[in-house]
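Here are the chains, one letter per residue:
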Amino acid sequence: MIAALFIACIVLLALGVPVAFALGGGTLVAILVHGSLPLVALPKYLFSGIDVFALMAVPFFILTAELMTGGALSAVLLRFASQFVGRFRGGLGHTNILAITFFSGISGSALADAAGPGAIMIRMMKSDGYRAEYAAALTAAVSILGPIIPPSISMIIYALAYPEVNLVGLMIAGVVPGALIAVAMAAINHVISVRRNYRGVAETLLLADYLRNTWRALPALVLPVLILGGIASGAFTPTEASVVAVFYALAAGRWIYGSLEWRMLPGILSRSALMTASVLIIVAMSAAFAWVLTISRVPQDLTAWIVGMNLSPLAFLFAVNVLLLVFGIFIEPLPGVVVLVPILAPIAHALGISDLQFGIIVIVNLTMGMLTPPVGGLLFVTSVVARVPLTRLVAELWPFLWAQVAVLALLSLVPQISTLLPGVFGYR
Amino acid sequence: MLSTFDRVLIRLNRWAVISILAAMAAMVFANVALRFLSDHSILWVEEVSRYLMIWLTFLGAGLVLRYGGHVGIDALQDALPRQAAWIRLAIFVLLLVFFATMFWLGARYAMATWGQTTPVMQIPIGAVYLAMPIGFALMIVHLLLMAAPYLRHGRFLADAEFDADSVKL
């Protein structure tokens, strides 16, 4: 039965059937091949997979990012970031990195980062003399912070696929690795800016300018503090924080920044609703898929087998990283999480690897898959905005990708990068 | 381009998902606010909002299909441009069979569970599970309506509100 499941899924996926229906179709075939399993299990697990209150943070965080994407807000964040790093060499590039890092504290997905502040930054960098393909590559590379810095759609789904891990702990665990990636991207930007003589922004700022920029940005900066602080302190559950963020974003966009108009709401809501449906239909189908895996004892047998090989945790992490990088070339992060995490996370746990560290490695690695063609979602978005062909964009991407691989290696070697901060809040 | 029936369907479908998401956000927010202000919360909100999320998923999936917004791997079609139309036909037929099967399974499941009621609201659980057959019926209708442009040219519905990539995550 398990062979039927995998063969059917792989054939359907390779043919180009959407991931959700390939998982569902494969499950259906597996049940039919087995013969004595009840077909009713399929609708049963389809529902139980999404009948989860914690999942409601997914639509709400999507909605928050959509509400905050409006022009005025991104501009305010950019000016705020620019006053700190704008004057350095490659200043606009650094501004881009910092602004997207802030925005990642509001948005839970990489594409929201690239399509929101990322798109505006690409245009600004282009008109300031940066190569268009460089601006696009930098923006795509930094946008992976969206699901790494909390909030994070991927982490919500991860905690659902592997309930042993605490969602709040996982979100806190993303902060330091996210900052580390931002610093690595800034280092690459510095080196390339020196080589190509990308200058800083030449403007003299008075103290009054700093104060005004900060004052203007304050309402937007409250949001990441509200989300992360609210979740970490235990004042809000992630779901509560997400819905508070929705209404805060609505109020800030409408009354503080004035960039949000009521007539824009139906479009924002329908876009968010459809993104939600495309995510949750995958989650629903994967619940049935995971049920077939579990009754076939695949995770249990695989865990016993790998633990029996006496693999060192580091060797296992190395193998997982290679597997995920290859997997990420073909598969988007979300299907990767729902299919691979129920299998891999218990093995990591049995080998004594911290659940939080492993979760961060998986999410960073799979999100990097959005930078590798053919299914590099981030590349499509940024290449369209910058109007550059994909091949030229990819040529500029390599230094950033290698830097991210280096961070990934560091995250694998040093568990404390991921576990120290959540440990402070009592999450193991 | 689109028939009147199609335009009305898309419009109704769009407003259905908009109202569901708006209702979910409003009721969950009201509950959080209430908890902070008065230490009470409305018991049925958690249950109803979960069921609305289920309906949103199944009612939205058909519209996502129209926009080409479901995540998938198009590498094979790109690699074999001359066979692409046949590959799309295969995908189309497989989806149709799968949707029809799921419609049938969902309808049976909703009928079988109609006698049970939900814990708080005491409505038939089958009414919640009706989302699945209705959703898959809607997916079949959307699939048939998109057949011609999709099978011939691999084209999806285009709209200023979305492009397919922005709907993915």
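Presented here is a report on the structure given in the accompanying data block. Please read all numbers here as calculations on a predicted model, not as lab measurements.

Conventions adopted
Residues numbered from 1 in each chain as written. Chains lettered and ligands numbered in written order. Predicted model: local features only at pLDDT ≥ 70, side-chain atom pairs only at ≥ 80, totals over all residues. Heavy atoms only, no water. Helix = DSSP H or I, 4+ residues; strand = E, 2+ residues; numbered from the N terminus. Buried < 20%, exposed > 50% of the residue type's maximum accessible area, 1.4 Å probe, protein only. Contact = heavy atoms within 4.5 Å. Areas by Shrake-Rupley, 256 points an atom, 1.4 Å probe, with all protein chains shown as cover. Lys, Arg positive; Asp, Glu negative; His and termini not counted. Charge placed at Lys NZ, Arg CZ, Asp CG, Glu CD. Axes fitted to C-alpha atoms, helices over the stretch in contact; angles between N-to-C directions. Parallel < 35°, antiparallel > 145°, perpendicular 65-115°, else oblique. Left-handed = near helix turned anticlockwise from the far one by under 90°. Nonpolar A, V, L, I, M, F, W, Y, C, P; charged D, E, K, R; others polar. Core = buried A, V, L, I, M, F, W, Y, C linked by side-chain atoms within 4.5 Å. Buried area = accessible area lost by both parts, 1.4 Å probe. Salt bridge = Lys/Arg side-chain N within 4 Å of Asp/Glu carboxyl O. Polar contact = N/O pair within 3.5 Å; in protein donor to acceptor, adjacent residues only side chain to side chain. Patch = residues over 30% accessible without salt bridge, like charges linked within 9 Å, V, L, I, M, F, W, Y side chains within 5 Å. Expected span 1.5 Å × (residues − 1).

## Considering the overall build of chain B
Working step 1: Each helix and strand in chain B was counted, giving eight helices and zero strands.
Working step 2: Of the regular secondary structure in chain B, the N- to C-terminal order runs α-α-α-α-α-α-α-α.
Working step 3: If one aligns the C-alpha atoms of chain B with their principal axes, the spans along those axes are about 65 × 35 × 35 Å.
Working step 4: Within chain B, the proportion of its 169 residues that are buried is 48%.
Working step 5: Pairs at least 24 apart in sequence give 73% of the contacts found in chain B among residues at least 6 apart.
Working step 6: By element, 67% of the accessible surface of chain B is carried by carbon and sulfur atoms, the whole surface being about 8,300 Å².
Working step 7: Charged side chains in chain B number 12 positive and 10 negative. The centres of these two groups are separated by 10 Å.

## Details of the environment of L78 of chain A
Residues and elements named next belong to chain A.
Working step 1: Mapped onto the secondary structure, L78 falls in helix α5 (residues 71-85).
Working step 2: Overall, the relative accessible area of 4% leaves L78 in the buried class.
Working step 3: Residues contacting L78, with those up to four places away along its chain left out, are T95, A99, I120, M121 and M124.

## Quick notes on the packing of helix α1 (residues 2-15) of chain A against helix α2 (residues 19-34) of chain A
All names here are of chain A.
Working step 1: Relative to each other, α1 and α2 sit at 150 degrees, their axes nearing to 8 Å. As summarised for this structure, α1 and α2 are arranged roughly antiparallel, according to the angle between their axes. As for how α1 packs across α2, the hand of that crossing is right-handed. Where α1 approaches α2, its residues A4, L5, A8, C9, L12 and L13 are matched on the opposing element by V19, F21, A22, L23, G25, G26, T27, V29, A30 and V33.
Working step 2: Its residues assigned to classes, the contact of α1 with α2 shows 13 nonpolar, three polar and no charged.

## Observations concerning the nonpolar core
Working step 1: F21, Y158 and F358 of chain A together with F58 and F136 of chain B are the most contacted members of the largest nonpolar core, which totals 219 residues.
Working step 2: Broken down by element, this core gets its largest block of residues, 19 residues, from helix α14 (residues 265-295) of chain A.
Working step 3: If we ignore the near neighbours within four places in the chain, the residues touching F358 of chain A are Y158, F316, L317, V320, L344, A345, A348 and I353 of chain A.

## What about the interface of chain A and chain B?
Working step 1: Listed as interface residues are 61 residues of chain A and, on the opposing side, 58 residues of chain B.
Working step 2: In this assembly, chain A packs against chain B so that about 5,500 Å² is buried in total across both faces, 82% of it on carbon and sulfur atoms.
Working step 3: Per-residue buried area on chain A facing chain B is highest for F21, F47 and L274 of chain A; these three make up 14% of the total on that side.
Working step 4: Linking chain A with chain B are two salt bridges.
Working step 5: Across the chain A-chain B interface, the total number found is three residue pairs in polar contact (both at pLDDT 80 or more).
Working step 6: Elements with a contribution of two residues or more to the side of chain A that touches chain B: α1, α2, α3 (41-50), α4 (57-68), α13 (238-256) and α14 of chain A.
Working step 7: The greatest single-element share of the side of chain A that touches chain B, amounting to 17 residues, is contributed by α14 of chain A.

## Considering a nonpolar patch on the surface
Working step 1: A surface patch of nonpolar side chains, about 570 Å² in accessible area, is lined by L34, I42, L43, W44, V120, M121 and I123 of chain B.
Working step 2: Note on placement: W44 of chain B falls in helix α2 (residues 43-66).

## Overview of the packing of helix α1 (residues 4-38) of chain B against helix α6 (residues 131-145) of chain B
All names here are of chain B.
Working step 1: It is at 12 Å that the axes of α1 and α6 come closest, and there the two elements cross at 140 degrees. Taken as axis vectors, α1 and α6 run oblique relative to one another. In this structure, α1 meets α6 at a crossing whose hand is left-handed. Between α1 and α6, the residues in contact are F5, D6, L9, I10 and N13 and L138, V141, H142 and L145, respectively.
Working step 2: Across the contact of α1 with α6, the residue classes tally to six nonpolar, two polar and one charged.

## Brief notes about the environment of R387 of chain A
Residues and elements named next belong to chain A.
Working step 1: Note on placement: R387 falls in the loop between α19 (377-386) and α20 (390-413).
Working step 2: Taking relative accessible area as the criterion, R387 reaches 71% and is therefore assigned exposed.
Working step 3: Remark: the alpha-carbon pair of R387 and E133, spanning 254 residues in sequence, is separated by 8.4 Å.

## Considerations on the pattern of salt bridges
Working step 1: Going through the model one piece at a time under the given rule, you end up with 11 salt bridges over all chains.
Working step 2: Two residues, E396 of chain A and R131 of chain A, come together in a salt bridge whose shortest N-O distance is 3.2 Å. Here the residue E396 of chain A occupies a position in helix α20, and R131 of chain A occupies one in the loop between α7 (110-127) and α8 (132-143), the gap between them amounting to 265 residues.
Working step 3: Classification of E396 of chain A as buried rests on a relative accessible area of 7%.
Working step 4: In this structure, the salt-bridge partner of D209 of chain A is R212 of chain A, at a minimum N-O distance of 3.3 Å. With D209 of chain A and R212 of chain A both in helix α12 (residues 207-233) and three residues apart, the pair spans about one turn of that helix.
Working step 5: Taking relative accessible area as the criterion, D209 of chain A reaches 16% and is therefore assigned buried.
Working step 6: Each of the salt bridges in this network shares a partner with another, and the network as a whole consists of D51 of chain A together with E46 and R50 of chain B.

## Some points on the side chain of T372 of chain A
Residue and element names in this part refer to chain A.
Working step 1: Mapping T372 onto the fold places it in the loop between α18 (355-368) and α19.
Working step 2: Within polar-contact distance, the side chain of T372 engages the backbone oxygen of G369 at 3.0 Å.
Working step 3: Apart from residues no more than four positions distant in its own chain, T372 is found in contact with G328, I329, L379 and L401.

## Side note on helix α11 (residues 175-196) of chain A
Residues that lie three or four places apart on an α-helix share one face, since the helix turns once every 3.6 residues.
Residue and element names in this part refer to chain A.
Working step 1: Counted at 1.5 Å a residue, the expected span for α11 with its 22 residues is 32 Å, and the 32 Å between its end C-alpha atoms agrees.
Working step 2: Within α11, burial applies to P177, G178, I181, A182, A184, M185, I188, N189, I192 and S193.
Working step 3: The inward-facing, buried residues of α11 contact α6 (91-104), α8, α10 (167-173), α18, α20 and α21 (416-424).
Working step 4: Directly beyond the C-terminal end of α11, a positive phi value near 60 degrees is found at N197.

## Description of the environment of P333 of chain A
Residue and element names in this part refer to chain A.
Working step 1: Examined against the element boundaries, P333 turns out to sit in helix α17 (residues 333-350).
Working step 2: A C-alpha to C-alpha distance of 16 Å links P333 and S107, two positions 226 residues apart in sequence.
Working step 3: Setting aside its immediate chain neighbours within four residues, P333 contacts L366, T367 and M370.

Function-wise, these values are silent; they only describe arrangement.
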